[in-house]
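These are the residues of each chain, in order.
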Amino acid sequence: MRPTRFTDDMIAAYVSSGYWDDVDIVSIVNKVAQQNPEKEALADSSGKRMTWRELKALSDRLALGLIRFGLRKDDLLVLQLPNNVENVVIRIALLKAGIIGLFPPMTFRGEIPSILSRFRPSAFIGVSSGKFNTLQYVLDGPEHVLKILKGVFHVGESQVPGAIRIDDIVNSVPQDYENSLEALQELERNKCGAFEVAFLGLTSGTTGTPKACEWPTPAVKLYAQTVIERMRLTHEDVMGII
């Protein structure tokens, strides 16, 4: 999806000035995975760890699985998970599928039905167990909210009536997907482009109804670059997400 407030002339001006470039986030992730396949990419408090090679393969397969499930480029998907490995993998998979993510904070669990009613996304991904069970607020919510969604997915080991495990979506795509020219073309065709909206941020709602804010890909990259420069981060550093 093209950013609402940026015209072709504005984009061209930013590029010619050196503020923006034509490199998309997916290409950056894939390049790092190619250069550092066995370097650890992610770890969380549960003890789960993942290399860049594993991150690329898992996010590729999830992206293809979501596309083949029926989600389309520029569809909106609401993702509400704690800060874990799966959260990051899914966010990258959404970029690879060209699906726009909306990420309500975990404190908004009770507000999820109203968020779904207002933004009318194509899908929801939540967690189905523990104190962060966000799935129940969708499955136990108003029936008209469920009818909005093409799919309800969850991160968890057990099967939940009315929802599909993310692992099952991943496993619907063969591990040797890279041998399929069609699969590679699907990923290239659907990925979020260098000047497209990467995701939607959600305001806190402190002074009114929460509002969605577009985050174009160049803004995401500039924000990341600013953090790297101000904190003097290198490829040897570990960055925590609280």
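One structure accompanies this document, and this report is about it. What you are looking at is a predicted structure, and each value in this text was computed from that prediction instead of being measured.

## What about the overall build of the chain?
Link 1 in the chain: Along the backbone of the chain there are 10 helices and 9 strands.
Link 2 in the chain: If you line up the chain on its principal axes, its C-alpha atoms span 50 × 45 × 35 Å.
Link 3 in the chain: Counting the 242 residues in the chain, one finds 44% classified as buried.
Link 4 in the chain: A separation threshold of at least 6 residues defines the contact pool for the chain, and within that pool the share at least 24 residues apart is 67%.
Link 5 in the chain: A total accessible area of about 13,400 Å² is found for the chain, and carbon and sulfur atoms account for 53% of it.
Link 6 in the chain: Here the chain holds 27 positive side-chain charges and 29 negative ones, and the gap between their average locations is 4 Å.

## Concerning helix H4 (residues 85-97)
Link 1 in the chain: Compared with an ideal rise of 1.5 Å per residue, which puts 13 residues at 18 Å, H4 spans 19 Å between its outermost C-alpha atoms and is within 8% of the ideal.
Link 2 in the chain: Counting buried residues along H4, 11 of its 13 residues qualify, which places the element largely inside the surrounding structure.
Link 3 in the chain: Among all positions of H4, only Val85, Glu86, Asn87, Val89, Ile90, Ile92, Ala93, Leu94, Leu95, Lys96 and Ala97 are buried.
Link 4 in the chain: Trailing H4 by a residue or two, Gly98 shows a phi angle of about 75 degrees, which is positive.

## Details of empty space enclosed by the protein
Link 1 in the chain: For the structure shown, the criterion picks out 1 cavity of 30 Å³ or more.
Link 2 in the chain: There is about 40 Å³ of room inside the largest cavity.
Link 3 in the chain: Around the largest cavity, the lining residues are Met1, Lys73, Asp74, Leu94, Leu95, Gly98, Ile99, Ile100, Cys192, Glu196, Val197 and Ala198.
Link 4 in the chain: Only H4 and strand S8 (197-202) provide two or more residues apiece to the lining of the largest cavity.
Link 5 in the chain: Split by residue class, the lining of the largest cavity holds 8 nonpolar, 1 polar and 3 charged.

## Some points on the sheet that holds strand S7 (residues 164-165)
As a general point, the strands of a sheet are linked pairwise by backbone hydrogen bonds and lie either parallel or antiparallel.
Link 1 in the chain: Strand order in the open sheet made by the 7 strands is S7-S6-S5-S3-S4-S8-S9, with mixed pairing throughout. Strand pairing shows two members of the sheet lacking a second neighbour, S7 and strand S9 (212-216), which therefore form its edges.
Link 2 in the chain: Bridge count for strand S5 (residues 123-127) against strand S6 (residues 151-155) is 5 bridges, and the pairing is parallel. The residue bridging Gly126 from the neighbouring strand is His154, located in S6.

## Notes on the pairing of strand S3 (residues 76-79)
Link 1 in the chain: Side chains Leu76 and Val78 of S3 all project onto a buried face; the interleaved residues Leu77 and Leu79 project onto the opposite face, where all are buried too.
Link 2 in the chain: Sheet topology note: the S3/strand S4 (residues 100-102) ladder contains 3 bridges and is parallel. Residue Leu77 lies in a different strand from S4, and its bridge partner there is Gly101.
Link 3 in the chain: Regarding the hand of the β-α-β motif, the stretch spanning S3, H4 and S4 is right-handed.
Link 4 in the chain: Bridging between S3 and S5 involves 3 bridges; their strand directions are parallel. In the strand pairing of S5, Val78 is matched with Phe124.

## Let's talk about unusual backbone geometry
Link 1 in the chain: Phi is positive for Asp74, which is not a glycine, with a value near 75 degrees.
Link 2 in the chain: Considering the arrangement of structural elements, one finds Asp74 in the loop between helix H3 (52-69) and S3.
Link 3 in the chain: Although it is not a glycine, Arg232 sits at a positive phi angle of roughly 55 degrees.

## Notes on the packing of aromatic side chains
Link 1 in the chain: Per the counting criterion, the structure on display carries 9 aromatic pairs.
Link 2 in the chain: Seen from their ring centres, Phe6 and Tyr14 are 6.1 Å apart, and the 65 degrees between their planes marks the pair as edge-to-face.
Link 3 in the chain: The interplanar angle of 15 degrees and the centroid separation of 5.6 Å between the aromatic rings of Phe199 and Trp215 together place this pair among those described as stacked. Taken together, the positions of Phe199 in strand S8 and Trp215 in strand S9 put the pair 16 residues apart, joining distant regions of the chain.
Link 4 in the chain: Taking the relative accessible area as the measure of exposure, Trp215 reaches 29% and is therefore partly exposed.
Link 5 in the chain: Aromatic rings pair up to connect Phe6, Tyr14, Tyr19, Trp20 and Phe195 into one cluster.
Link 6 in the chain: The residue whose ring lies beneath Arg91 is Phe103, and the NZ or CZ to ring-centre distance is 3.8 Å.

Rules of the game
- Residues numbered from 1 in each chain as written.
- Predicted model: local features only at pLDDT ≥ 70, side-chain atom pairs only at ≥ 80, totals over all residues.
- Heavy atoms only, no water.
- Helix = DSSP H or I, 4+ residues; strand = E, 2+ residues; numbered from the N terminus.
- Buried < 20%, exposed > 50% of the residue type's maximum accessible area, 1.4 Å probe, protein only.
- Contact = heavy atoms within 4.5 Å.
- Areas by Shrake-Rupley, 256 points an atom, 1.4 Å probe, with all protein chains shown as cover.
- Lys, Arg positive; Asp, Glu negative; His and termini not counted.
- Charge placed at Lys NZ, Arg CZ, Asp CG, Glu CD.
- Expected span 1.5 Å × (residues − 1).
- 1 Å grid on protein atoms, 1.4 Å probe; cavity = no way out; pocket = protein on both sides within 12 Å on 5 of 7 lines; lining within 4 Å.
- Points joined across faces, edges and corners; volume = space filled by probe spheres on them.
- Nonpolar A, V, L, I, M, F, W, Y, C, P; charged D, E, K, R; others polar.
- Pairing = 2+ DSSP bridges.
- Right-handed = clockwise from strand over helix to strand, strands pointing away.
- Phe/Tyr/Trp six-rings, centres within 6.5 Å; stacked < 30°, edge-to-face > 60°.
- Lys NZ or Arg CZ within 6 Å of the ring centre and 35° of its normal.

Remember that the coordinates give geometry; whether it matters functionally is a separate question.
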